[in-house]
Amino acid sequence: MSTRELTFAQAIREALDEELARDPNIFILGEDVGAWGGVFRCTEGLYEKYGPERVIDTPLSEEGFVGLAVGAAMTGMHPVPEIMFGDFITLAMDQIVNQAAKMRYMTGGQLKVPITFRATMGAGRSSGAQHSQSWHAWFAHVPGLKVVVPSTPYDAKGLLKTALREPNPVVFFEDKVMYAKIKGPVPEEEYTIPFGKADIKREGSDVTLVALSRMVHPTLAAAEMLAKEGISAEVIDPRTLTPLDEETLIQSVCKTGGAVIVDEGYNRFGITAELAAVIAYGAFDYLDAPVERLGAMDVPIPFSPPLEFATIPDEQKIIERVHKVLEGRRR
């Protein structure tokens, strides 16, 4: 299979392009997605190729265009509303949580809502407290929604293509720091990645590191540094939170005996807590130390870069948590 190096943004754009060409019911809408090509360039060139009826610039009103998209999905279209900054998905919570997520259940399957909400997440750009948050845990809490958090260009393209063929609502989170900075091989041939299948990014035997989205990259870097200490770390990327591949997580921890979970969302009532519960329940008899959780600091995200980066998990913080797990094992 031949591959090319693409950025994360290029992989997203290629998936959108291919699926727009495949399915005439798919259309994109959002703020600056059309003639401007998207603030993060994810829709660049699609307006010119598919026209203003399928790549639609909207007013600055998430509740308005997301509500319109949900209605269009109920009629058989597959809208792709883009939330430029995922923080403002809060303005469309009723449309997503009370309408899109529940309509198929409430109508006994008579109505489907095939819709892919694309939303950004993540800090590290000095964008301030209202443009740097990661709200993926909220949507993983809601029955009826599927939640996707890719970490590489390969995963982003394959998972987005799957989302655009899914008859149910999907919330697809993209870490905006990765758009231009993260590159990787992407096949030229057609492919999709199934939901609910975690990816073992690095095999190991001493400790399991579970990381999501952009946090996969500092976690892999930490695993490299740990290898120099003689510590073999396995790195697992769940890729989707709903559905969640519990089996892969549990099997890994049964092998290694310890786990550290890394996420850019807040720890309290978040993804790290849920994954820790899954592991503690499924691998209880194999754990040699408590599961360690490493999330964002529980404060509004600062604008100042030194303060901002202090709130985000990094390689050194991950290594410290691994040492804590291994020290607990030796007691």
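To be clear, the structure that these remarks concern was listed above.
Predicted model, so just to flag it, every value in this text is computed and none were measured.

Description of the sheet that holds strand E10 (residues 207–211)
Reasoning step 1: The strand order across the open sheet built from five strands is E9-E11-E10-E13-E14, with neighbouring strands paired in mixed fashion. Whereas interior strands pair on both sides, the edge strands pair on one side only; in this sheet they are strand E9 (199–202) and strand E14 (292–296). With direction set aside, neighbouring strand axes in the sheet form an average angle of 25°.
Reasoning step 2: Here strand E13 (residues 259–266) runs beside E14; their pairing, made up of four bridges, is parallel. Bridge pairing in E14 places Val-262 opposite Leu-294.
Reasoning step 3: Sheet strands in contact with helix H11 (residues 271–282) are E10, E13 and E14, and its direction is about 155° off that of E13.

So, the nonpolar core
Reasoning step 1: Counting residues in hydrophobic clusters, the biggest one holds 46 residues, and the most contacted among them are Val-66, Ile-96, Phe-117, Phe-139, Phe-173 and Ile-279.
Reasoning step 2: At the level of secondary structure, the elements contributing two or more residues to this core comprise strand E2 (26–30), helix H3 (62–74), helix H4 (93–100), strand E5 (116–121), strand E7 (170–175), helix H10 (246–256), E13 and H11.
Reasoning step 3: Ranked by the residues each element gives to this core, the list is headed by H3, at six residues.
Reasoning step 4: When residues of this core are assigned to domains, at least three fall in each of domain 1 (3–187) and domain 2 (199–326).
Reasoning step 5: Excluding residues that lie within four positions of it along the chain, Ile-96 makes contacts with Val-66, Ile-89, Ala-101, Phe-117, Phe-139 and Leu-145.
Reasoning step 6: Residues Ile-28, Tyr-50, Met-178 and Tyr-179 belong to the second largest nonpolar core, which totals 34 residues.

Remarks on the packing of aromatic side chains
Reasoning step 1: Summed over the entire model, instances satisfying the criterion amount to seven aromatic pairs.
Reasoning step 2: Centre to centre, the rings of Trp-135 and Tyr-266 are 6.2 Å apart; their planes meet at 55°, and the pair counts as tilted. Taken as a pair, Trp-135 in the loop between E5 and helix H6 (136–140) and Tyr-266 in strand E13 lie far apart in primary sequence, 131 residues in all.
Reasoning step 3: The class for Tyr-266 is partly exposed, based on a relative accessible area of 22%.
Reasoning step 4: An aromatic cluster of at least three residues, connected via ring pairs, comprises Phe-8, Phe-40, Phe-85 and Tyr-179.
Reasoning step 5: If you follow Arg-41 out to its NZ or CZ, it ends over the ring of Trp-36, 5.0 Å from the centre.

Observations regarding the pattern of salt bridges
Reasoning step 1: A complete count under the given rule lists 24 salt bridges for this structure.
Reasoning step 2: Lys-146 is paired through a salt bridge with Glu-166; the nearest N and O atoms lie 3.2 Å apart. Taken as a pair, Lys-146 in strand E6 (residues 146–148) and Glu-166 in the loop between helix H7 (153–163) and E7 lie far apart in primary sequence, 20 residues in all.
Reasoning step 3: The residue Lys-201 makes a salt bridge to Asp-155 at a minimum N-O spacing of 2.7 Å. With Lys-201 in strand E9 and Asp-155 in helix H7, the pair connects residues that are 46 residues apart, well separated along the chain.

A word on H11
Reasoning step 1: In this model, H11 (twelve residues) spans 16 Å end to end at C-alpha, consistent with the 16 Å of a helix rising 1.5 Å per residue.
Reasoning step 2: When we look at burial in H11, the residues that qualify are Ile-271, Thr-272, Leu-275, Ala-276, Val-278 and Ile-279. Taken around the axis of H11, the buried residues stretch over an arc of 160°, which confines them to a single face.
Reasoning step 3: The inward-facing, buried residues of H11 abut H6, E10, strand E12 (240–242), H10, E13 and E14.

What about the packing of H3 against H4?
Reasoning step 1: Across the interface, H3 lies against H4 with an axial gap of 8 Å and an inter-helix angle of 25°. By the angle class used here, H3 and H4 are roughly parallel. Contacts between H3 and H4 involve Glu-63, Val-66, Gly-67 and Val-70 on the former and, on the latter, Gln-95, Ile-96, Gln-99 and Ala-100.
Reasoning step 2: Of the residues belonging to the contact of H3 with H4, the class tally is four nonpolar, three polar and one charged.

Calculation criteria
- Residues numbered from 1 in each chain as written.
- Predicted model: local features only at pLDDT ≥ 70, side-chain atom pairs only at ≥ 80, totals over all residues.
- Heavy atoms only, no water.
- Pairing = 2+ DSSP bridges.
- Helix = DSSP H or I, 4+ residues; strand = E, 2+ residues; numbered from the N terminus.
- Axes fitted to C-alpha atoms, helices over the stretch in contact; angles between N-to-C directions.
- Contact = heavy atoms within 4.5 Å.
- Core = buried A, V, L, I, M, F, W, Y, C linked by side-chain atoms within 4.5 Å.
- Buried < 20%, exposed > 50% of the residue type's maximum accessible area, 1.4 Å probe, protein only.
- Domains from an automatic or database assignment.
- Phe/Tyr/Trp six-rings, centres within 6.5 Å; stacked < 30°, edge-to-face > 60°.
- Lys NZ or Arg CZ within 6 Å of the ring centre and 35° of its normal.
- Salt bridge = Lys/Arg side-chain N within 4 Å of Asp/Glu carboxyl O.
- Expected span 1.5 Å × (residues − 1).
- Arc of directions from axis to C-beta.
- Parallel < 35°, antiparallel > 145°, perpendicular 65-115°, else oblique.
- Nonpolar A, V, L, I, M, F, W, Y, C, P; charged D, E, K, R; others polar.

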